[in-house]
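Commentary on secondary and tertiary structure
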Amino acid sequence: MSISSTDRIVIFDTTLRDGEQSPGATLNVEEKLAIAHQLALLGVDAIEAGFAIASPGDFEAVRTIAEQVGGVPGGPIICSLARAIREDIKAAAEALQPAAHPRIHVFLSTSDIHLKYQLKKTRDQVLAIAEEAIAYAKSFVQDVEFSPMDASRTEPEFLYQVLSTAIAAGATTINIPDTVGICTPKEMEKLIQGIRKNVANIEQVILSVHTQNDLGLATANALAAIENGVRQVECTINGIGERAGNAALEEIVMALQVRKPYYNPYLGRPVESEAPLVNIKTQEIYKTSCLVSQLTGIAVQPNKAIVGANAFAHESGVHQDGVIKHRETYEIMNAADIGLPENRIVLGKHSGRNAFRSKLQELGFDLNEADFNKAFIRFKEVADKKKEMTDWDIEAIVRDETQIQVESGFQLEHVQVTCGDCTCPTATITIVTPNGEIVTDAAVGTGPVDAVYKAIARMVRVSSQLVEYSVQSVTEGIDALGTVTVRLRHQNRIFSGQSSDTDIVVASAYAYINAVNRLYRYLQSSKGNEPLSSSFTTSVKYLI
Ligand SMILES: CC(C)(COP(=O)(O)OP(=O)(O)OC[C@H]1O[C@@H](n2cnc3c(N)ncnc32)[C@H](O)[C@@H]1OP(=O)(O)O)[C@@H](O)C(=O)NCCC(=O)NCCS
Ligand SMILES: CC(C)[C@@](O)(CC(=O)O)C(=O)O
Ligand SMILES: [Mg+2]
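Residues numbered from 1 in each chain as written. Chains lettered and ligands numbered in written order. Predicted model: local features only at pLDDT ≥ 70, side-chain atom pairs only at ≥ 80, totals over all residues. Heavy atoms only, no water.

Considering the overall build of the protein chain
Heads up, the rule is: Secondary structure elements are defined from DSSP: runs of H or I of at least 4 residues count as helices, runs of E of at least 2 residues count as strands, and each element is numbered from the N terminus. For the radius of gyration, the atom set is restricted to C-alpha positions; the globular benchmark scales as 2.2 Å times the number of residues to the power 0.38. The rule is simple: take the accessible area with a 1.4 Å probe, protein chains only, and divide by the maximum for that residue type; under 20% is buried, over 50% is exposed, in between is partly exposed. We call two residues in contact whenever any of their non-hydrogen atoms come within 4.5 Å of each other. Only the protein chains shown count as cover for residues, and the accessible areas themselves come from Shrake-Rupley with a 1.4 Å probe. Positive charges come from Lys and Arg, negative ones from Asp and Glu, while His and the chain ends are left out of the count. Working definition for charges: the position is that of NZ of Lys, CZ of Arg, CG of Asp or CD of Glu.
Across its full length, the protein chain carries 18 helices and 14 strands. Its C-alpha atoms give the protein chain a radius of gyration of 25 Å, near enough to 24 Å, the size a compact globule of 544 residues would have. Its C-alpha atoms give the protein chain principal-axis dimensions of roughly 75 × 65 × 40 Å. In the protein chain, buried positions account for 53% of the 544 residues. The long-range share in the protein chain, meaning contacts at least 24 apart out of those at least 6 apart in sequence, stands at 65%. Just so you have it, the protein chain exposes about 23,800 Å², and 51% of that area is on carbon and sulfur atoms. The protein chain carries 50 positive and 66 negative side-chain charges, and their two centres are separated by 2 Å.

Written out as structure tokens, the structure reads:
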């Protein structure tokens, strides 16, 4: 794509960078790669794949995504964040080397409060640093984005001066971050208009906005910026990100689609123009949202716009009556537009592989033979217990069975629980350790899940603290599939795991093992060659 295109909005996705700054959203390289592939399917123009200097894992993630998702011309721009520091820029350039369309995103604070307390630099120094850093980034790549951090709290005259300098030094995208999420839409309008009027050669670059959601105004501010000439928006799937998160991609994209006649004139088109305002394939939105939620362990709130479980549900009689008579009485968009399964009941325990395969195709899954077989076996198991298999059940099964498996780690063999109002909840668990040993242990707990977790913790022996446990029902009815999400804290890092089953105690056990395995993998990679088993067997500290 051409970065000078101005008749549509460039979607810059930062799920893998700002989104990963959500507390506890840590993703490993395979998980980031899976999300990046899905973002490419969704059709985002640019993927901010990480912050290359931040850690060897981030570097590897940027490099792998640059190679495997952005390695051929015509694919998305792959971007790495960098402070205005030579080592950061060099690391970004190295990580981005395999990308056909690499972008280095240099940021530097410009507000007085940041200059005084954080950077401890004068305005003149900041101007010189920005100029030098951009020129240095330009020595590696053509496409350089510059963000004046805390722009919305920066004195306007100084902001104009920094931006003019950045453009003169070669920046091709100027991104305006409302870093602390303090702006109102009216103020955003003033900020963008001021920049367009006062910054030299601003019309030669793509003007972008990056809005944070501290006051719940991120989407409103991004849209206000578009109304005032901004042509790139930075956003994340499900609105995840630092603190209260970023503007949600799905909200901006669907606002532009649903209100196209309203937005068309702001992009210089006739009101009735049918041409899309973004390159996004909206039917991929729901699937992308599920993948991000599953891999980050951050559940989507039910009332979340566009992708929440209730976004297309009608609860009250008056509304239901209206929707039955004419859908558009209460629906401004069609669930199918974001790729939501229609929830038609078709498959059951008597269905065969062909029907299952064509159902998967209909739902947009393209599985390899091994994953297909795993999913089919699981489908039959669930169908045996559950009378009606909805599209939602099938989606949950496929997500569960095809999730990125940790190659090394513990495997759950058996879960057996006794509980009730006149017995002490007891769990007997059998696991296979990473060395192939089969171990069985039992524990009592305050409830069945507590007993299961105590029994597993006793065998895996790693100090961790259960910080979140939640169950969501995927479908309706007493025989619904339940999805359990578990988050464990080890030192200051969070590891999540998820699993679905008709039996929530079984789902709980698998979710817990998944989280433990992520923690295991993390310890393994951070310990280098030292055998991991020592940390798993010596620091026996049962916090769970
Ligand atoms: C980038 C990172 C590796 C730096 O680690 P570090 O060298 O230990 O430094 P700290 O995080 O403690 O402090 C940040 C330093 O960068 C400086 N800095 C911050 N933003 C800067 C910028 N845009 N350009 C240049 N310097 C910057 C700070 O002034 C501070 O410098 P000081 O140590 O001289 O006071 C680390 O913070 C990290 O892993 N971050 C990843 C996630 C993240 O911070 N994302 C936020 C994006 S804004
Ligand atoms: C890099 C920049 C756009 C940033 O995301 C930096 C940050 O993480 O605060 C912001 O919101 O200002
Ligand atoms: Mg941000």
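A few points about the coordination of the magnesium ion (ligand 3)
Metal coordination angles have textbook ideals: 109.5 degrees for a tetrahedral set of four donors and 90 or 180 degrees for an octahedral set of six. The condition that has to hold: Coordination here is defined by N, O and S atoms within 2.8 Å of the metal (3.2 Å for Na, K and Ca), and since water is not considered, a site can look incomplete.
Protein coordination at the magnesium ion (ligand 3): the donors are Asp 18 (OD), His 210 (NE2) and Gln 212 (OE1), at 2.0 to 2.2 Å from the metal. Here the donor residues for the magnesium ion (ligand 3) map to a single chain with the spacing D-x191-H-x1-Q. Within this pair, whereas Asp 18 is found in the loop between β1 (10-13) and α1 (29-42), its partner Gln 212 is found in the loop between β7 (206-211) and α8 (218-227), the two being separated by 194 residues in sequence. We classify Asp 18 as buried; its relative accessible area is 2%.

Structural notes on the site of ligand 2
Let me state the cut-off plainly: Throughout, near means a residue has at least one heavy atom within 4 Å of the molecule or strand. Polar contacts here mean pairs of N or O atoms no more than 3.5 Å apart (in protein, one a potential hydrogen donor and the other a potential acceptor; neighbouring residues in sequence count only if both atoms are side-chain atoms). Just so you know the grouping, Ala, Val, Leu, Ile, Met, Phe, Trp, Tyr, Cys and Pro go in nonpolar, Asp, Glu, Lys and Arg go in charged, and all remaining residues, Gly too, go in polar.
Around ligand 2, the structure places Arg 17, Asp 18, Gln 21, Leu 81, His 105, Phe 107, Met 149, Asn 175, Pro 177, Thr 179, His 210 and Gln 212. Within the side chain of Thr 179, an N or O atom sits 2.6 Å from an oxygen atom of ligand 2. Between His 210 and ligand 2, the recorded distance is 3.0 Å, taken from a side-chain N or O atom to an oxygen atom. Against a free-state accessible area of 320 Å², the protein chains account for coverage of 92% of ligand 2. Elements with a minimum of two residues in the shell around ligand 2: β4 (102-109) and β6 (173-178). Class assignment for the residues of the shell around ligand 2 results in four nonpolar, six polar and two charged.

Comments concerning the UniProt feature "domain: Pyruvate carboxyltransferase" (unreviewed entry) in the protein chain
Put simply, the rule is: UniProt positions are given in the numbering used here, feature names are shortened, and annotations may be inferred rather than shown by experiment.
Per the UniProt record, "domain: Pyruvate carboxyltransferase" (unreviewed entry) is annotated on residues 9-272. In this annotation, residues 9-272 is assigned 43% helix and 18% strand; the end-to-end C-alpha distance for the span is 17 Å.

A few points about the packing of helix α3 (residues 86-96) against helix α5 (residues 123-138)
For clarity, the threshold we go by: Helix axes are fitted only over the stretch in contact, all axes being lines through C-alpha atoms; the angle between N-to-C directions runs from 0 to 180 degrees. Any angle between 65 and 115 degrees counts as roughly perpendicular, while under 35 counts as roughly parallel, over 145 as roughly antiparallel, and the rest as oblique. The hand of a helix crossing depends on one turn: near helix anticlockwise from the far one by less than a right angle means left-handed, and clockwise means right-handed.
At a closest axis distance of 10 Å, the pairing of α3 and α5 adopts a crossing angle of 25°. As summarised for this structure, α3 and α5 are arranged roughly parallel, according to the angle between their axes. Classified by chirality, the crossing of α5 by α3 is right-handed. Within the contact between the two elements, α3 uses Arg 86, Ile 89 and Lys 90 and α5 uses Glu 132, Ala 133, Tyr 136 and Ala 137. By residue class, the composition of the contact of α3 with α5 is four nonpolar, no polar and three charged.

Observations regarding the site of ligand 1
In the vicinity of ligand 1, the residues found are Arg 17, Gln 21, Phe 51, Ala 54, Leu 81, Arg 83, Ala 84, Ile 85, Phe 107, Leu 108, Gln 118 and Leu 119. Between ligand 1 and Gln 21, the relevant distance is 3.3 Å, taken from a nitrogen atom to a side-chain nitrogen or oxygen of the residue. Looking at the shell around ligand 1, the elements with two or more residues in it are β3 (77-83), β4 and α4 (112-119). Residue composition of the shell around ligand 1, grouped by class: eight nonpolar, two polar and two charged.

Things to note about the packing of aromatic side chains
In plain terms, the rule: Classification of ring pairs uses Phe, Tyr and Trp, with its six-membered ring standing for Trp, and accepts pairs whose centres are within 6.5 Å; under 30 degrees between planes counts as stacked, over 60 as edge-to-face, and the remaining range as tilted. Counting as a charge over the ring demands two things of the Lys NZ or Arg CZ atom: a distance within 6 Å of the ring centre and an angle within 35 degrees of the ring normal.
The full count for this structure, using the stated rule, is 14 aromatic pairs. Summarising the aromatic geometry, the rings of Tyr 262 and Tyr 263 are spaced 4.8 Å apart at their centres and angled 90° between planes, so their arrangement reads as edge-to-face. Using a relative accessible area of 34% as the deciding quantity, one classes Tyr 262 as partly exposed. A relative accessible area of 6% means that Tyr 263 is categorised as buried. Put simply, the rings of Phe 356, Phe 372, Phe 376 and Phe 379 pair up and form one aromatic cluster. The positively charged end of Arg 86 is found above the aromatic ring belonging to Tyr 136, 3.9 Å away from the centroid.

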